[in-house]
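Coordinate inspection notes
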Amino acid sequence: MIKLQELVDFVFTKIPSVYLIVGSTVLFLFMGTMAFIVRSKAANKPISPKRIILPPLFMSTGALMFLFEEFRVALPQIFEAIGAGLLFSIILIKTTNFEQKDNHLYVKKSKAFLFILLGLLVVRLVAKLILSSSVDVGELAGMFWILAFAMILPWRIGMLVKYYKIKRNFN
């Protein structure tokens, strides 16, 4: 843990924040593109409760970042990030639907998903560029992780509810 703290200290003291912002933005755009590709391919496979639940479980490990002081977020910003995440999750819940094929349920392909994903990427990018001038890079990373988790968790719960409702009517 001490070596990891030394690495975090090095990154936040020796690397200029502009490089951290640019690097994390490039990484975010890459991850957004990968999310779209994965989601497109996932629509070709039957959905299951496990495939719905696992992404937020995997993402929850990111909360370990808050062990380090650099990533800790003040209480008002926590509530702001949760509020924004919940608003975004409503859009995802409303636009994620299922269809029945060959006695299985699939996530219905949606053209709106691409626009929603691109919209979220743009909003996040603009917010990051604006906030990076007044909020520390580590704290900003913490806020965006909270926002993302507060968006993905309700979305996946909503998907699970829809899944079981359709499955119940299906059988």
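Computed from a predicted structure; not experimentally measured.

With that settled, consider the pattern of salt bridges. Going through the model one piece at a time under the given rule, you end up with 2 salt bridges. The salt bridge partner of R72 is E69, with a shortest N-O separation of 2.7 Å. Its relative accessible area of 39% is what places R72 among the partly exposed residues. Since its relative accessible area comes to 53%, E69 is described here as exposed. Between E99 and K101 there is a salt bridge, with the nearest N and O atoms lying 3.6 Å from each other.

Attention now moves to the packing of helix α5 (residues 111-131) against helix α6 (residues 137-170). Two elements in contact, α5 and α6, have axes separated by 11 Å at closest approach and are oriented at 155°. Relative to α6, the element α5 is oriented roughly antiparallel. Along this stretch, α5 crosses α6, giving a crossing that reads as right-handed. Of α6, the residues touching α5 (which contributes L120, R124, A127, K128 and L131) are L140, F144 and M151. Broken down by class, the residue content of the contact of α5 with α6 amounts to 6 nonpolar, no polar and 2 charged.

Right, let's talk about the layout of surface pockets for a bit. Space inside the largest pocket adds up to approximately 1,600 Å³. Of all the secondary structure elements, the ones that give two or more residues to the lining of the largest pocket are α1 (2-14), α2 (17-42), α3 (49-59), α4 (75-95), α5 and α6.

Quick look at the packing of α4 against α5 now. Their axes nearest at 11 Å, the elements α4 and α5 cross at an angle of 170°. The angle between the axes of α4 and α5 places the two elements in the roughly antiparallel class. In this structure, α4 contributes F88, I91, L92 and T95 to the contact, and α5 contributes F113, I116, L120 and V123. By residue class, the composition of the contact of α4 with α5 is 7 nonpolar, 1 polar and no charged.

Bringing a nonpolar patch on the surface into the picture now. Side chains of L4, L7, F10, I15, V18, Y19, V22 and V26 sit close together on the surface and give an oily, nonpolar patch of about 760 Å² of accessible area. Secondary-structure elements contributing two or more residues to the nonpolar patch are α1 and α2. No other element matches the 4 residues that α2 contributes to the nonpolar patch. Structurally, F10 is set in helix α1.

The next subject is the nonpolar core. Of all hydrophobic cores here, the largest spans 38 residues; its most connected members are I47, I52, F98 and M159. When contributions to this core are tallied by element, the ones reaching two or more residues are α2, α3, α4, β2 (104-107), α5 and α6. Setting aside residues up to four positions removed in sequence, M159 forms contacts with I47, I52, T96, F98 and V107.

Another aspect to go through is the confidence of the model for the protein chain. Scored by pLDDT, the protein chain comes out at a mean of 87, with 99% of its residues at no less than 70. Mean pLDDT across the secondary structure elements of the protein chain bottoms out at α5, with 78, and peaks at α3, with 94.

Moving on: the pairing of β2. Pairing between strand β1 (residues 98-101) and β2: 4 bridges, direction antiparallel. Of the residues in β2, the one forming a bridge with E99 is Y106. As consecutive antiparallel partners, β1 and β2 are separated by 2 residues, and within that stretch D102 has a phi angle of approximately 50°, a positive value.

Definitions and limits used
Residues numbered from 1 in each chain as written. Predicted model: local features only at pLDDT ≥ 70, side-chain atom pairs only at ≥ 80, totals over all residues. Heavy atoms only, no water. Salt bridge = Lys/Arg side-chain N within 4 Å of Asp/Glu carboxyl O. Buried < 20%, exposed > 50% of the residue type's maximum accessible area, 1.4 Å probe, protein only. Axes fitted to C-alpha atoms, helices over the stretch in contact; angles between N-to-C directions. Helix = DSSP H or I, 4+ residues; strand = E, 2+ residues; numbered from the N terminus. Parallel < 35°, antiparallel > 145°, perpendicular 65-115°, else oblique. Left-handed = near helix turned anticlockwise from the far one by under 90°. Contact = heavy atoms within 4.5 Å. Nonpolar A, V, L, I, M, F, W, Y, C, P; charged D, E, K, R; others polar. 1 Å grid on protein atoms, 1.4 Å probe; cavity = no way out; pocket = protein on both sides within 12 Å on 5 of 7 lines; lining within 4 Å. Points joined across faces, edges and corners; volume = space filled by probe spheres on them. Patch = residues over 30% accessible without salt bridge, like charges linked within 9 Å, V, L, I, M, F, W, Y side chains within 5 Å. Areas by Shrake-Rupley, 256 points an atom, 1.4 Å probe, with all protein chains shown as cover. Core = buried A, V, L, I, M, F, W, Y, C linked by side-chain atoms within 4.5 Å. pLDDT = per-residue confidence, 0-100. Pairing = 2+ DSSP bridges.

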